[in-house]
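Topology and contacts: notes
As a plain string of letters, each chain reads:
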Amino acid sequence: MVKTKEILTLTVEIGDAMLRNGAEIYRIEDSLARILKAYDIKNFDVYVLSNGIFASANEGLDDACSVIRHTPLGDVNLGKISALNQLTRDICCKNCDVETAWKRLDECLNIPSPKKSYLIFFCGLGCACFGYLYGGSLIDSFMAFLAGMVLKWFLMVCEKRKYSRFTKNVFSSMIATFLSLIPLYVNLPVSQDKIVIGIIMPLVPGMTFTTSIRDFYNGDYLCGAIHLIDALLTALCIAAGVGIVISIYQQTPGGMSLL
Amino acid sequence: MMIINFFIQFLVAMIAIMSFSILFNAPKKEVIFCGFSGALGWIVYYILVRNYKVSIIVSALVATATLTIFSRAFAVIRMHPATIYLLPGIFPLVPGAGIYYTAYYLITKQHALFAQKGLETFEVAVAIVFGIIFGFAIPQTLLAKLGIIFHRKKTNTEN
């Protein structure tokens with residue numbers, strides 16, 4: 001019976017992919033249990049944490065096996081979550097044997113992300129719209145559009161070089177604040193605060209916060225706490241970045257009170 | 001005039017959320033639904049704050065609950081996880097502005113304003129928590145019924 005091992009590995013790989021792309025814990029545990037049941041494994045246990053998966057099957061039998069995975073906290077990828085969800089659904093309807101499941105898992109993991117130029121453009125567009133929503137004028141929005149594109153470029157460089165989350169968040173919020181001060185120097189009629197608020201939107205930990213609340217709601221207190229700490233630290237990093245640049249700005253000649 | 005303003009707000013919020021959902025690689029067919037549920041959350045918040053002068057905390061709570069319920073409804077109708085609609089939609093309600101102003105007042109040593117903004121940011125965060133909890137408190141069976149109605153209609157038209 002090599003089968004049990006293979007099924008368990010497949011299941012955990014699916015769980016690992018879901019976890020990396022930011023699905024919430026309850027959904028992963030639920031999906032994994034359903035997959036194992038669909039493949040006729042009755043005696044199993046699955047335990048998922050925000051950065052690890054532990055699973056064992058057929059304990060006490062000859063083909064007993066267990067799998068452990070360590071998964072670092074990753075970025076959210078909604079497309080992959082959705083594709084993996086569809087895969088789980090198909091497995092549970094028994095439309096999908098183990099080999100096809102492996103192939104489809106590979107397909108799910110290789111879903112291409114949009115082109116870099118698109119990402120940069122849409123980040124700018126999003127920042128501009130948020131700047132407008134929070135009460136900025138059209139000029140403010142336009143500035144947020146330009147600065148948002150620069151910010152996304154910087155974020156992509158950070159990802160490529162694999163900087164730590166702290167470095168990434170502090171430096172990108174510093175850049176956001178710095179970019180928002182430039183229009184003031186050239187004496188454009190802008191409200192600087194609205195521009196910054198627009199630009200820092202891609203950094204704000206809204207998604208982590210939501211995931212944390214959902215984990216708490218489903219009773220996964222440990223995972224909820226891990227995500228909550230992540231969200232709080234990100235918020236602190238943003239505040240630190242803003243604070244550093246503004247305090248430097250106020251020391252420079254010509255630096256005035258902003259609000 | 002007011003309605004035009006609401007419409008513009010709705011549209012801008014929709015574009016903002018759609019762009020962010022593209023950033024997080026949402027499936028192409030779902031992007032418009034992400035935008036719709038998120039913009040709905042924002043417009044509820046906006047109308048409550050601007051028109052009815054409700055406190056931003058209560059508004060954030062109601063708006064988040066609306067967003068959550070619509071995300072779950074879309075999840076049932078479109079057969080995708082609710083996460084896809086909920087995560088991008090939450091962005092306009094998250095107190096990003098609060099984080100900025102709190103940091104700003106702390107640096108400029110305006111301690112009264114700092115305490116006020118910091119507390120407000122915290123309260124909005126708590127309101128979002130309760131909004132999401134209320135949204136999820138609606139039993140899944142109720143939403144499943146909605147799904148059944150919708151999918152039946154769809155199969156009828158297909159036949």
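This write-up is about the structure you can find in this document. (Residues numbered from 1 in each chain as written. Chains lettered and ligands numbered in written order. Predicted model: local features only at pLDDT ≥ 70, side-chain atom pairs only at ≥ 80, totals over all residues. Heavy atoms only, no water.)

The next thing to look at is the interface of chain B and chain A. If you look at the interface, chain B gives 46 residues, while chain A gives 55 residues. Between chain B and chain A, the buried area comes to about 4600 Å², and carbon and sulfur atoms account for 76% of it. The interface formed by chain B and chain A includes zero salt bridges. Our enumeration of links across chain B and chain A arrives at ten residue pairs in polar contact (both at pLDDT 80 or more). Elements supplying a minimum of two residues to the side of chain B that touches chain A: helix H1 (2-23), helix H4 (83-89), helix H5 (96-107) and helix H6 (111-137) of chain B. The dominant element in the side of chain B that touches chain A, judged by the number of residues it contributes, is H1(B), at ten residues. Grouping the constituent residues of the side of chain B that touches chain A by class yields 39 nonpolar, seven polar and no charged. (Contact = heavy atoms within 4.5 Å. Buried area = accessible area lost by both parts, 1.4 Å probe. Salt bridge = Lys/Arg side-chain N within 4 Å of Asp/Glu carboxyl O. Polar contact = N/O pair within 3.5 Å; in protein donor to acceptor, adjacent residues only side chain to side chain. Helix = DSSP H or I, 4+ residues; strand = E, 2+ residues; numbered from the N terminus. Nonpolar A, V, L, I, M, F, W, Y, C, P; charged D, E, K, R; others polar.)

We now examine the side chain of B:Thr66. All names here are of chain B. Mapped onto the fold, Thr66 is located in helix H3 (residues 56-78). In this structure Thr66 comes out as buried when scored by relative accessible area, which is 18%. Engagement of the side chain of Thr66 in a polar contact is seen with the backbone oxygen of Val62, the distance being 2.6 Å. (Buried < 20%, exposed > 50% of the residue type's maximum accessible area, 1.4 Å probe, protein only.)

Time to look at the pattern of salt bridges. Residue and element names in this part refer to chain A. Summed over the entire model, instances satisfying the criterion amount to nine salt bridges over all chains. The partner of Lys194 in a salt bridge is Asp193, with the nearest N and O atoms 3.4 Å apart. Across the pair, Asp193 and Lys194 agree in class, each one buried.

All names here are of chain A. By the secondary structure assignment, Lys116 is in helix H5 (residues 116-133). Since its relative accessible area comes to 52%, Lys116 is described here as exposed. As for Lys116 and Lys152, which are separated by 36 residues in sequence, their C-alpha atoms are 9.4 Å apart.

Another aspect to go through is the layout of surface pockets. What the largest pocket holds in volume is close to 1500 Å³. Taken together, 48 residues form the lining of the largest pocket, with A:Gly74, A:Asp75, A:Val76, A:Glu159 and A:Lys168 sitting closest to its centre. Secondary-structure elements contributing two or more residues to the lining of the largest pocket are helix H1 (3-20), H5, helix H6 (138-161), helix H7 (165-185), helix H9 (206-217) and helix H10 (221-251) of chain A together with H1 of chain B. In terms of residue count, the dominant contributor to the lining of the largest pocket is H6(A) (six residues). Tallied by class, the residues present in the lining of the largest pocket amount to 22 nonpolar, 14 polar and twelve charged. In this structure, the second largest pocket encloses a volume near 940 Å³. Secondary structure elements with two or more residues in the lining of the second largest pocket: helix H2 (25-38), helix H3 (78-92) and H9 of chain A together with H3 and helix H7 (140-158) of chain B. Looking at which element gives the most residues to the lining of the second largest pocket, the answer is H7(B), with six residues. Residue composition of the lining of the second largest pocket, grouped by class: 13 nonpolar, eight polar and seven charged. Formed jointly, the lining of the second largest pocket draws a minimum of three residues from each of two domains, domain 1 (4-109) and domain 2 (116-251) of chain A. (1 Å grid on protein atoms, 1.4 Å probe; cavity = no way out; pocket = protein on both sides within 12 Å on 5 of 7 lines; lining within 4 Å. Points joined across faces, edges and corners; volume = space filled by probe spheres on them. Domains from an automatic or database assignment.)

Counting residues in each nonpolar core, the largest one holds 86 residues, and the members touching the most others are A:Phe130, B:Tyr100 and B:Ile128. With nine residues, H1(B) is the single largest residue contributor to this core. Among the nonpolar cores identified, the runner-up in size contains 38 residues, and A:Ile7, A:Val12, A:Leu49 and A:Ala83 belong to it. (Core = buried A, V, L, I, M, F, W, Y, C linked by side-chain atoms within 4.5 Å.)

The subject of this paragraph is H2(A). Residues and elements named next belong to chain A. Its 14 residues give H2 an end-to-end C-alpha distance of 20 Å, which sits within 8% of 20 Å, the value for a rise of 1.5 Å per residue. Listed as buried for H2 are Ile25, Ile28, Ser31, Leu32, Ala33, Ile35, Leu36 and Ala38. Downstream of H2 by one or two residues, Asp40 has phi in the positive range, about 65°. (Expected span 1.5 Å × (residues − 1).)

Coordinates in, geometry out; function isn't part of it.
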